[in-house]
Amino acid sequence: SMINEFEYYHGAALRAICEGSESPVTVEVLDKHYDNSAYAINDSVALYIKHSKKRLTPWKFSFYKQHQDFISELKNIFDDIVILLVCGDDGVVGLSFDELKLILDSNHEDIEWVKVERRKREQYKVSGTDCELSFKITHDEFISKALNKL
């Protein structure tokens, strides 16, 4: 069967997480119910992945109501969830559930957006429909968040 575009982007993020761990990592693909976007790391942290194939900053990600509902559902099951935004081949931004809620509040509109920007040699600036994060996200934070090391 053909390799889907999303699989390349997911693979890059998952490999970095496996590589960033001192001990073996288990990765489980969560069922199709989640639009091929969800994984469980070490049975303890859920990942919800979105990608943009755009090469240059800024990267914009659409969050439909259903996506936000999935994320809340996964949060209830796993308690810990990291939202990964793969920004073309530039890098991956990992947001905790609380960070996501700062920029997309609990009122899930039909469609909302998250925007990621990065200047040369700087960290990622993240904003959403409701707000902008007051701090920047580093390029490798997603690894420690996924491995529950923060």
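The shown structure was predicted, so the numbers you read here are calculated from the model rather than taken from an experiment. (Residues numbered from 1 in each chain as written. Predicted model: local features only at pLDDT ≥ 70, side-chain atom pairs only at ≥ 80, totals over all residues. Heavy atoms only, no water.)

Peer 1: What is the right way to read the overall build of the chain from this model?
Peer 2: Check the secondary structure of the chain and you find four helices and eight strands. Its helices and strands taken in sequence order, the chain reads α-β-β-β-β-α-β-β-α-β-β-α from the N to the C terminus. Whereas a compact globule of 150 residues would reach a radius of gyration of roughly 15 Å, the chain reaches 14 Å, a difference of no more than 12%. In terms of principal-axis extent, the alpha carbons of the chain reach across some 35 × 35 × 35 Å. Buried residues in the chain amount to 43% of all 150 residues. Taking the contacts inside the chain whose residues are at least 6 apart along the sequence as the reference set, 61% of them involve residues at least 24 apart. Carbon and sulfur atoms form 49% of the exposed surface of the chain, whose accessible area is close to 8,400 Å². Across the chain, the centroid of the 19 positively charged side chains sits 9 Å from that of the 26 negatively charged ones. (Helix = DSSP H or I, 4+ residues; strand = E, 2+ residues; numbered from the N terminus. Rg over C-alpha atoms; globule rule 2.2 N^0.38 Å. Buried < 20%, exposed > 50% of the residue type's maximum accessible area, 1.4 Å probe, protein only. Contact = heavy atoms within 4.5 Å. Areas by Shrake-Rupley, 256 points an atom, 1.4 Å probe, with all protein chains shown as cover. Lys, Arg positive; Asp, Glu negative; His and termini not counted. Charge placed at Lys NZ, Arg CZ, Asp CG, Glu CD.)

Peer 1: Even after reading the chapter, I still don't get the sheet that holds strand β5 (residues 81-87), so can you show me in this structure?
Peer 2: Each strand in a sheet pairs with another by means of backbone hydrogen bonds, the pair being arranged parallel or else antiparallel. Taken in spatial order, the five strands make up an open sheet running β1-β2-β3-β5-β6, and their pairing is mixed. Each end of this open sheet is capped by a strand with a single partner; those strands are β1 (27-29) and β6 (91-96). Each neighbouring strand pair of the sheet contributes to a mean axis angle of 30 degrees, computed without reference to strand direction. One ladder, built from three bridges, connects β1 with strand β2 (residues 38-41); its direction is antiparallel. Of the residues in β2, the one forming a bridge with V29 is Y39. The sheet strands contacting helix α1 (residues 5-19) are β1, β2, β3 (45-52), β5 and β6, and the helix crosses β3 at an angle near 135 degrees. Running over the sheet, helix α2 (residues 65-78) touches β2, β3 and β5 and is turned about 155 degrees from β3. (Pairing = 2+ DSSP bridges. Axes fitted to C-alpha atoms, helices over the stretch in contact; angles between N-to-C directions.)

Peer 1: Is there a simple way to explain the pattern of salt bridges in this structure?
Peer 2: Where charged atoms from two side chains of opposite charge approach closely, those side chains can pair. What the rule picks out here adds up to ten salt bridges. Of the charged contacts, one joins K115 and E117 as a salt bridge, the two residues approaching to 3.9 Å between their closest N and O atoms. (Salt bridge = Lys/Arg side-chain N within 4 Å of Asp/Glu carboxyl O.)

Peer 1: Just checking my understanding: could you explain the layout of surface pockets for this structure?
Peer 2: With a probe scaled to a water molecule rolled over the atoms, the places where space remains empty come into view. Size it by volume and the largest pocket reaches roughly 170 Å³. Lining the largest pocket are twelve residues, with D80, I81, S96, F97 and K145 sitting closest to its centre. (1 Å grid on protein atoms, 1.4 Å probe; cavity = no way out; pocket = protein on both sides within 12 Å on 5 of 7 lines; lining within 4 Å. Points joined across faces, edges and corners; volume = space filled by probe spheres on them.)

Peer 1: Where do I start with the pairing of β2 in this structure?
Peer 2: On a regular strand, each side chain points to the face opposite its neighbour's, so the side chains alternate between the two faces of the sheet. Both faces of β2 are covered, namely the face carrying A38 and A40 and the face carrying Y39 and I41. Pairing geometry for β2 and β3, over four bridges, is antiparallel. Within the sheet, the bridge partner assigned to Y39 lies in β3 and is L47. Linking two consecutive strands that pair antiparallel, namely β2 and β3, is a turn of three residues; a positive phi of about 50 degrees is found at N42 within it.

Peer 1: Help me out: how do you make sense of the environment of S37 in this one?
Peer 2: One can find S37 in the loop between β1 and β2. Under the relative-accessibility criterion, S37 is labelled buried at 11%. On a C-alpha basis, the gap between S37 and V25 in space is 18 Å, while along the polypeptide they are twelve residues apart. With residues near it in sequence (within four places) discarded, S37 still touches H10, L47, Y48 and I49.

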